[in-house]
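Chain residues, written in single-letter form:
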Amino acid sequence: HEMGTARMGRDPKTSMLNGHNQLHAVPNVFVTDGACMTSSACQNPSLTYMALTARAAHYAVDQLNKRNL
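How each quantity is defined
Residues numbered from 1 in each chain as written. Predicted model: local features only at pLDDT ≥ 70, side-chain atom pairs only at ≥ 80, totals over all residues. Heavy atoms only, no water. Helix = DSSP H or I, 4+ residues; strand = E, 2+ residues; numbered from the N terminus. Buried < 20%, exposed > 50% of the residue type's maximum accessible area, 1.4 Å probe, protein only. Contact = heavy atoms within 4.5 Å. Areas by Shrake-Rupley, 256 points an atom, 1.4 Å probe, with all protein chains shown as cover. Lys, Arg positive; Asp, Glu negative; His and termini not counted. Charge placed at Lys NZ, Arg CZ, Asp CG, Glu CD. Core = buried A, V, L, I, M, F, W, Y, C linked by side-chain atoms within 4.5 Å. Expected span 1.5 Å × (residues − 1). Arc of directions from axis to C-beta. Salt bridge = Lys/Arg side-chain N within 4 Å of Asp/Glu carboxyl O.

A. Molecular detail of the overall build of the protein chain. Helix and strand content of the protein chain: one helix and zero strands. Based on the C-alpha atoms only, the size of the protein chain along its principal axes is roughly 40 × 25 × 15 Å. For the protein chain, buried positions account for 28% of its 69 residues. Taking the contacts inside the protein chain whose residues are at least 6 apart along the sequence as the reference set, 42% of them involve residues at least 24 apart. When the accessible area of the protein chain is evaluated, it comes to approximately 4900 Å², of which 55% is carbon and sulfur surface. Of note, the protein chain has its 6 positive side-chain charges centred 9 Å away from the centre of its 4 negative side-chain charges.

This is how it looks when you write it as structure tokens:
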């Protein structure tokens, strides 16, 4: 199921992803599909997925430039 299988949160004990859709346990893995969302409305979520991906990519590039990834 594409929704809610990799919950986003601050605590690695209760969530898989941080606020940048980055795995808590594996920092160089980003999950940018609907897995971070626990529910969805009746509208198409494609624009939300694209926004999550753009945000995560921007963060990843920033972290790569700082040599944190």
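B. Spotlight on the nonpolar core. By size, the foremost hydrophobic cluster in this structure holds 10 residues: M3, A6, L17, L23, V31, A35, C36, M37, Y49 and L52. Setting aside residues up to four positions removed in sequence, L23 forms contacts with M16, L17 and V29.

C. Structural context of the environment of G19. Relative to the helices and strands, G19 resides in the segment before helix 1 (46-65). The partly exposed category is assigned to G19, whose relative accessible area is 36%. Measuring from C-alpha to C-alpha, the distance between G19 and A51 comes to 13 Å, with 32 residues separating the pair along the chain. Beyond its immediate stretch of four places on either side in the chain, G19 contacts M8 and R55.

D. Representation of helix 1. For helix 1, spanning 20 residues, the distance from its first C-alpha to its last is 29 Å, which sits close to the expected 28 Å at 1.5 Å a residue. Along helix 1, the residues that are buried comprise Y49, L52, A56, Y59, A60 and Q63. Viewed end-on, helix 1 has its buried residues packed into an arc of 105 degrees, placing them on one side of the element. In helix 1, the exposed positions angled more than 90 degrees off the buried face are occupied by L47, M50, H58 and N65.

E. Broad picture of the pattern of salt bridges. A complete count under the given rule lists one salt bridge for this structure. Among the salt bridges present, the one from D62 reaches K66, with a minimum N-O distance of 3.3 Å.

What is shown is where atoms sit, not what they do.
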